[in-house]
Amino acid sequence: MGAVFFYHLTDSPLEGTLPMLIGKARSAGWRVLVRAPDAGSLTRLDEILWQGPEDGFLPHGMAGGAHDADQPVLLGNVAATGFACVMSVGGADVSPEEVGTLERTCILFDGHDAAAVDRARGQWRALTDAGCAAQYWAQQDRRWVKKTEKG
């Protein structure tokens, strides 16, 4: 069973953290699915990834295209079949069953948004109560520090 890593964004915005985490996952050889709560959010994430530096470009596509199965990074609210890593932003759903089939699940949430923090707490409870191993990562002096581990 894979693990869920919760990333509490306080110092760095999603625009910087998501590409960094995708790059790490791709360096591990993982195919990545990025989920967001709605099509508008996915479009925004697509734009963020296109605006990255040329030397750090992350090849990706939006779900629903003819070449979804070939994309190393796919943005969409689709099944996690064929992926090693799912990254959930904006409170997008991830099930305990999916976590069990993945190498890693990352849940990124805005620490300055009370509703996002509450949603992440609910996801933590639901996933750890279902037996998923989880880690909570927070930013401290612009560095990521593991604060809690369960499972």
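Anything mentioned here points back to the structure above.
The text that follows walks through the structure, step by step, so that each part is easy to find.

Reading the values: rules and limits
- Residues numbered from 1 in each chain as written.
- Predicted model: local features only at pLDDT ≥ 70, side-chain atom pairs only at ≥ 80, totals over all residues.
- Heavy atoms only, no water.
- Helix = DSSP H or I, 4+ residues; strand = E, 2+ residues; numbered from the N terminus.
- Rg over C-alpha atoms; globule rule 2.2 N^0.38 Å.
- Buried < 20%, exposed > 50% of the residue type's maximum accessible area, 1.4 Å probe, protein only.
- Contact = heavy atoms within 4.5 Å.
- Areas by Shrake-Rupley, 256 points an atom, 1.4 Å probe, with all protein chains shown as cover.
- Lys, Arg positive; Asp, Glu negative; His and termini not counted.
- Charge placed at Lys NZ, Arg CZ, Asp CG, Glu CD.
- Salt bridge = Lys/Arg side-chain N within 4 Å of Asp/Glu carboxyl O.

Observations regarding the overall build of the chain
Alright, step 1. Within the chain, the secondary structure is distributed over four helices and eight strands.
Alright, step 2. Reading the chain from its N end, one meets helices and strands in the order β-α-β-α-β-β-β-α-β-α-β-β.
Alright, step 3. For 151 residues, the compact-globule estimate of 2.2 N^0.38 gives 15 Å, and the chain sits close to it at 14 Å.
Alright, step 4. Referenced to the eigenvectors of the C-alpha coordinate spread, the extents of the chain come out at roughly 40 × 35 × 30 Å.
Alright, step 5. Every one of the 151 residues in the chain was classed for burial, and the buried ones make up 46%.
Alright, step 6. Contacts in the chain between residues at least 24 apart in sequence constitute 64% of all its contacts with a sequence separation of at least 6.
Alright, step 7. Accessible surface, the chain: about 7700 Å² in total, of which carbon and sulfur atoms supply 51%.
Alright, step 8. Taking the 14 positively charged and 19 negatively charged side chains of the chain as two groups, their mean positions are separated by 8 Å.

A look at the pattern of salt bridges
Alright, step 1. The tally for this structure, following the rule as stated, stands at five salt bridges.
Alright, step 2. Taking the shortest distance from any N to any O, the salt bridge between Arg35 and Glu98 comes out at 2.5 Å. Here the residue Arg35 occupies a position in strand 2 (residues 32-35), and Glu98 occupies one in helix 3 (residues 96-101), the gap between them amounting to 63 residues.
Alright, step 3. Looking at Arg35, the relative accessible area reads 6%, which means it is buried.
Alright, step 4. Look at Glu98 and you get buried, because its relative accessible area is 16%.
Alright, step 5. Between Arg119 and Asp93 there is a salt bridge whose closest N-O contact spans 2.3 Å. Of the two residues, Arg119 is situated in helix 4 (residues 114-129) and Asp93 in the loop between strand 5 (85-89) and helix 3; the sequence distance between them amounts to 26 residues.

Function cannot be inferred from these measures alone, as they are strictly geometric.
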